[in-house]
Amino acid sequence: MADKTAQLRLDDQTIELPIVVGSEGERAVDITSLRSKTGYITMDPGYANTGSCTSRITFVDGENGVLHYRGIPIDDLADKGSFLETAYLLIYGKLPNKDQFNYFTESISRHTMLHEDFKAFYGALPKDAHPMAACSAVVGALATFYPDSLDPRDPRQVEISVHRLLAKLPTIAAYAYKHSIGQPFMYPDNRLDYVGNFLHLMFATPCEDFEVDPVVKKAIDLLLILHADHEQNCSASTVRLVGSSHVNLFAAIAAGINALWGSRHGGANQEVIEMLAAIRDEGLTASEFVERAKSSDDTSRLMGFGHRVYKNFDPRMTIIKKACFDVLEKLGVQNKLVEIAVELEEIALKDDYFVERKLYPNVDFYSGVIYNAIGTPMNMFTAMFAIGRLPGWIAQWVEMHQDKHKIYRPRQIYVGETGRRYVDIAERD
Ligand code: CMC
């Protein structure tokens, strides 16, 4: 924070507004007193210029392609860390020492099972239910099974629900998949680590031994790290907004899962692969598709391209692209879709439309190619994103409760009809 102020002249009044400066030099004009002093509010549809909070969790510099979790560069974590360490870092603010990490991982292993009654819950869903709908419904329903840990102001209740959620979301997501293909639900195997257990829940069956492929496990762990938080994006802001009413963590995370599902957010990873498959199946050239994506009616976007904050490159994409080629090579997978992706990227990066609008490939552009190569069904891609993003949502929710906060409640400028009166139905046009 700094003691500099901004002066704002409105009508015949001049007011001083404090300037807020972040630890990486980002600046904001604090307009908290604007309405009470002037009667004006600010307009910022889509909140592109609005800071909704200060935060100590994640730093993004979109102009320079920088991403840090708790001050640590994403490349460093991707190179040396694991997903659970990253989750701890985001939620508790520092990397865990050995004892802290053992306690954390053991507690999470102990909570991986879902209550047996959830089997009936899944059974009531159609076979083709989208896993994101199933995940948000089951996560919301956890509040009915754990009424003892719903108080957002009780640290012990918060800790237990944080561990329950981290432990159970992979089980919840994998059961949505098992239900869709009619296979029996596998019990978690607590001898396996977090990602190994998830792969077991997804791909093992009771009739055969299942070996976790280390190449696949490493790739998924990396993807989860890269997705773990991204400051005040649509779903994180949803978690904060919903949580600001002091609802329980399960309800706030269920809302975050729903926000993530949309095609302009996490749902883009499924849509990228669907787009690549459509280009292949319709026999389109990459150039033809890029032309279509530029249409002025905005009906078909180049999925996996563009970002509200990154206007140069998305550092997560750079890491994922490399991992994508490594995985394909190690698994010996020949993939026509990756050829199309590379061609689309090359064409779009040289095209004036994309250059002028600063549209670059984002985290979702190559992640689906990896999920696809390891045999993950397309409709599970966004659920994998949700498993990755869960620690970020939790960290944002926890931080909001630690900091002084008000209920989220934006204002509006009313532009509708005025001065109307009730007219009896017999007299209406
Ligand atoms: N393909 C074609 N045109 C695009 C694209 C795209 N992928 N993205 C933006 N534009 C155009 C858009 O039509 C608009 O053009 P004009 O100025 O002529 O009206 C301009 O670029 C600005 O678009 P916007 O929607 O106002 O930009 P935004 O910052 O609000 O949106 C975005 C960011 C990510 C929603 C958008 O780029 C998009 O829809 N991308 C495709 C979906 C996608 O890949 N989403 C994943 C985002 S990264 C992971 C995550 O957050 O979950």
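A few words on the site of the ligand. Around the ligand, a shell composed of 23 residues is seen, among which His 265, Arg 301, Leu 302, Gly 304 and Tyr 353 lie nearest. Within the backbone of Gly 266, one N or O atom sits 3.2 Å away from an oxygen atom of the ligand. Between Leu 302 and the ligand, the recorded distance is 2.7 Å, taken from a backbone N or O atom to a nitrogen atom. With the chains in place, 74% of the 930 Å² that the ligand exposes on its own is no longer accessible. Class assignment of the residues belonging to the shell around the ligand gives a composition of 10 nonpolar, seven polar and six charged.

Counting residues in each nonpolar core, the largest one holds 118 residues, and the members touching the most others are Ile 253, Met 275, Leu 276 and Leu 344. Look past the residues within four positions of Leu 276 in its chain and what remains in contact with it is Leu 337, Ile 340, Ala 341, Leu 344 and Val 369.

Turning our attention to the sheet that holds strand β1 (residues 5–10). The antiparallel open sheet is built from three strands, whose spatial order is β1-β2-β3. Looking at the sheet topology across the chains shown, the edges are occupied by β1 and β3 (27–29). Between one strand axis and the next, the sheet turns through 30 degrees on average, direction left out of account. The pairing of strand β2 (residues 13–21) with β3 spans three bridges and is classified as antiparallel. Residue pairing in the sheet places Val 21 in a bridge with Arg 27 of β3.

When you line up the elements, Met 303 lands in the loop between α13 (286–293) and α14 (315–331). When its relative accessible area of 14% is taken as the criterion, Met 303 is described as buried. Between the alpha carbons of Met 303 and Glu 271 there is a distance of 6.4 Å; along the sequence they are 32 residues apart.

Moving on, we get to the environment of Glu 274. Along the polypeptide, Glu 274 turns up in helix α12 (residues 268–282). C-alpha separation for the pair Glu 274 and Met 378, spaced 104 residues apart in sequence, amounts to 8.0 Å.

A full pass over the atoms with the stated rule returns 18 salt bridges. With a shortest N-O distance of 2.8 Å, Asp 281 and Arg 280 are connected by a salt bridge. Assessed through its relative accessible area of 57%, Asp 281 is described here as exposed. Assessed through its relative accessible area of 39%, Arg 280 is described here as partly exposed. Look at the salt bridges and you will find they share partners, linking Arg 56, Arg 240, Glu 399 and Asp 403 into a network.

What follows deals with the layout of surface pockets. Empty space among the atoms becomes apparent when a probe as large as a water molecule is rolled across them. Of the pockets and cavities examined, the second largest pocket occupies roughly 740 Å³. Along the walls of the second largest pocket sit 32 residues, with Lys 217, Lys 218, Ala 219, Asp 221 and Leu 222 positioned nearest its centre. Those elements that place two or more of their residues in the lining of the second largest pocket are α2 (74–80), α3 (83–92), α4 (98–110), α8 (194–203), α9 (214–227) and α14. Tallying contributions element by element places α9 first for the lining of the second largest pocket, with seven residues.

The next point concerns the packing of helix α6 (residues 131–145) against helix α18 (residues 381–402). Viewed as axis vectors pointing N to C, α6 and α18 meet at an angle of 40 degrees, and their least axial separation amounts to 8 Å. Of the residues in α18, those in contact with Pro 131, Met 132 and Cys 135 of α6 are Thr 382, Ala 383 and Ala 386. Considering only residue class, the contact of α6 with α18 consists of five nonpolar, one polar and no charged.

Turning our attention to the sheet that holds strand β5 (residues 66–69). Here we have three strands laid out as an open sheet, ordered β4-β5-β6, and antiparallel in their pairing. Here the strands that pair on one side only, and so sit at the sheet edges, are β4 (58–61) and β6 (72–73). Taken together, the four bridges between β4 and β5 define a ladder with antiparallel strand orientation. Paired with Val 60 across the two strands is Leu 67, which belongs to β5.

About the criteria used
- Residues numbered from 1 in each chain as written.
- Predicted model: local features only at pLDDT ≥ 70, side-chain atom pairs only at ≥ 80, totals over all residues.
- Heavy atoms only, no water.
- Near = heavy atom within 4 Å.
- Polar contact = N/O pair within 3.5 Å; in protein donor to acceptor, adjacent residues only side chain to side chain.
- Areas by Shrake-Rupley, 256 points an atom, 1.4 Å probe, with all protein chains shown as cover.
- Nonpolar A, V, L, I, M, F, W, Y, C, P; charged D, E, K, R; others polar.
- Core = buried A, V, L, I, M, F, W, Y, C linked by side-chain atoms within 4.5 Å.
- Buried < 20%, exposed > 50% of the residue type's maximum accessible area, 1.4 Å probe, protein only.
- Contact = heavy atoms within 4.5 Å.
- Pairing = 2+ DSSP bridges.
- Helix = DSSP H or I, 4+ residues; strand = E, 2+ residues; numbered from the N terminus.
- Axes fitted to C-alpha atoms, helices over the stretch in contact; angles between N-to-C directions.
- Salt bridge = Lys/Arg side-chain N within 4 Å of Asp/Glu carboxyl O.
- 1 Å grid on protein atoms, 1.4 Å probe; cavity = no way out; pocket = protein on both sides within 12 Å on 5 of 7 lines; lining within 4 Å.
- Points joined across faces, edges and corners; volume = space filled by probe spheres on them.

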